[in-house]
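Summary of the model geometry
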Amino acid sequence: MKEYAAIIIDDEKNIREALSILLSQYCPEIHICGIAGSASEGRELLENNKVDIIFLDIAMPKENGFAFLRSIPSNNYAIIFATAYQEYALRALKANAVDYLMKPINPFELQEAVKKAINSHELRRNYAEIQEVYNQSLDNLQEHLQSKTNLLTKLTIPDKLGFRLVNVAELMHLQADDNYTVLYLTGDRKILATRTLGEFEKILEGPEFFRIHKSTIINLNYLVGYSSFQGNFAELKDGSRLDISRRKLPEFREKVKHYSISID
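1. Points about the nonpolar core
Across soluble globular proteins, nonpolar side chains have a tendency to be buried as a group. Counting 25 residues, the largest nonpolar core has I54, L56, F68 and F81 as the members making the most contacts within it. Broken down by secondary-structure element, the contributors of at least two residues to this core are β1 (4-9), α2 (39-48), β3 (53-57), α3 (65-70), β4 (78-83), α4 (88-95) and α6 (128-146). Element by element, the count of residues in this core is highest for α6, at four residues. Discounting residues that sit within four places of it in the chain, F68 has contacts with I9, A39, G42, R43, L46, I54, L56 and E63. Listed in part, the 19 residues of the second largest apolar core include A6, L22, A78 and V114.

2. Considering the environment of P61
When you line up the elements, P61 lands in the loop between β3 and α3. A relative accessible area of 55% places P61 in the exposed class. Remark: the alpha-carbon pair of P61 and R164, spanning 103 residues in sequence, is separated by 33 Å.

3. Some thoughts on the sheet that holds strand β9 (residues 180-185)
In space, the five strands of this open sheet follow the order β10-β9-β8-β12-β11, with antiparallel pairing throughout. Looking along the sheet, the strands with just one partner apiece sit at the ends: β10 (189-193) and β11 (209-213). In this sheet, adjacent strand axes meet at a mean angle of 20° when their direction is disregarded. Where β11 meets strand β12 (residues 216-219), four bridges bridge the pair, whose relative direction is antiparallel. Note on β12: the bridge partner recorded for R211 is I217. Contacts between helix α8 (residues 249-258) and the sheet are confined to β11 and β12, with β11 contributing the most and set at about 155° to the helix.

4. Focus: the pattern of salt bridges
Using the criterion set out here, one finds 13 salt bridges in the structure. Note that K257 and E254 form a salt bridge whose closest N and O atoms lie 3.6 Å from each other. Remark: E254 and K257 occur in helix α8; sequence separation between them is three residues, near one turn of the helix. On the basis of relative accessibility, which here comes to 60%, the residue K257 falls in the exposed class. Taken together, the shared-partner salt bridges connect K2, D52, E122 and R125 into one network.

5. Quick notes on the confidence of the model for the protein chain
For the protein chain, the average pLDDT comes to 87, and 94% of its residues sit at 70 or higher. Averaged pLDDT values over the elements of the protein chain bottom out at 73 in α4 and peak at 97 in β12.

6. Structural notes on the sheet that holds strand β14 (residues 233-236)
Strand order in the open sheet made by the three strands is β13-β14-β15, with antiparallel pairing throughout. Each edge of the sheet is formed by a strand with only one pairing partner; in this case those strands are β13 (223-227) and β15 (241-243). The average undirected angle you get between the axes of adjacent strands in this sheet is 30°. Strand direction decides the pairing type here: β13 and β14, joined by four bridges, are antiparallel. Across the sheet, L223 pairs through a bridge with L236, a residue of β14. With respect to the sheet, α8 is in contact with β13 and β14, its orientation differing from that of β13 by roughly 140°.

7. Examining the packing of helix α1 (residues 13-26) against helix α5 (residues 107-126)
Where α1 contacts α5, the two axes come as close as 10 Å, and the packing angle between them is 75°. The angle between α1 and α5 falls in the class roughly perpendicular. Between α1, through L19, L22, L23 and Y26, and α5, the contact on the second element is made entirely by P107, L110, Q111 and V114. Partitioned by chemical class, the residues of the contact of α1 with α5 number seven nonpolar, one polar and no charged.

8. As for the pairing of strand β8 (residues 171-177)
The pairing of β8 with β9 spans six bridges and is classified as antiparallel. Counterpart to D177 in the pairing with β9 is Y180. With antiparallel pairing between neighbouring strands as the criterion, β8 and β9 make up a hairpin whose turn holds two residues, including D178 at a positive phi of roughly 55°. Pairing of β8 with β12 involves three bridges; the strand directions are antiparallel. Bridge pairing links H173 to I218 in β12.

Calculation notes
- Residues numbered from 1 in each chain as written.
- Predicted model: local features only at pLDDT ≥ 70, side-chain atom pairs only at ≥ 80, totals over all residues.
- Heavy atoms only, no water.
- Core = buried A, V, L, I, M, F, W, Y, C linked by side-chain atoms within 4.5 Å.
- Buried < 20%, exposed > 50% of the residue type's maximum accessible area, 1.4 Å probe, protein only.
- Helix = DSSP H or I, 4+ residues; strand = E, 2+ residues; numbered from the N terminus.
- Contact = heavy atoms within 4.5 Å.
- Pairing = 2+ DSSP bridges.
- Axes fitted to C-alpha atoms, helices over the stretch in contact; angles between N-to-C directions.
- Salt bridge = Lys/Arg side-chain N within 4 Å of Asp/Glu carboxyl O.
- pLDDT = per-residue confidence, 0-100.
- Parallel < 35°, antiparallel > 145°, perpendicular 65-115°, else oblique.
- Nonpolar A, V, L, I, M, F, W, Y, C, P; charged D, E, K, R; others polar.

Written out as structure tokens, the structure reads:
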């Protein structure tokens with residue numbers, strides 16, 4: 001088993017100690033080579049140790065996690081954020097496909113986060129374009145957490161070969177494909193994402209997105225009509241005719257009625 005050296009940076013002593021214990025018990029591939037209570041202490045650890053993974057608290061006094069990342073060559077490391085943020089911040093973390101842990105830390109979620117972080121880190125080491133998308137994702141995450149509007153403008157989409165960055169406004173509809181999701185975008189583009197439709201539904205909470213069927217989410221900005229001929233269908237600007245389930249039909253009609261678009 002390949003071993004990965006890691007450090008923990010968190011201003012809360014009990015979190016640092018608990019995470020260290022959990023890693024020793026549940027993640028044998030991780031070797032903790034240092035623990036820091038601040039960003040400055042974290043930089044000292046990086047100077048004196050060869051590190052692969054950084055477990056990093058987002059909200060620290062004086063210098064937060066993002067300021068710390070700007071001060072180091074972050075391309076060299078796998079970053080796993082540890083945060084007590086809830087709701088909107090959790091959406092931002094998921095939307096940007098970064099690896100994270102919610103406090104208090106669950107050991108099984110820790111194992112999954114470590115596995116994902118190692119896999120994506122190895123990909124970024126081998127493919128410069130994937131590293132560039134990851135860097136943009138970190139920037140997007142910071143912008144969203146600091147934004148007052150709470151609106152997602154970009155998504156980092158995990159696929160079989162890495163990540164892609166997508167403008168939310170260009171998403172026309174999403175279609176479930178077992179445990180994957182096909183994203184249909186403007187310009188006749190589509191992406192197969194390694195994420196379920198249910199996960200996308202939780203992330204895309206804007207008023208323009210509506211789940212018309214168990215297997216379909218549409219962007220109402222691209223809706224041009226509704227047809228009840230031989231079934232119930234939503235018609236989109238690209239010519240797609242998508243099934244609307246009977247259960248969703250009343251809610252769909254009400255949603256369209258109150259949504260500020262014109263159906264041509």
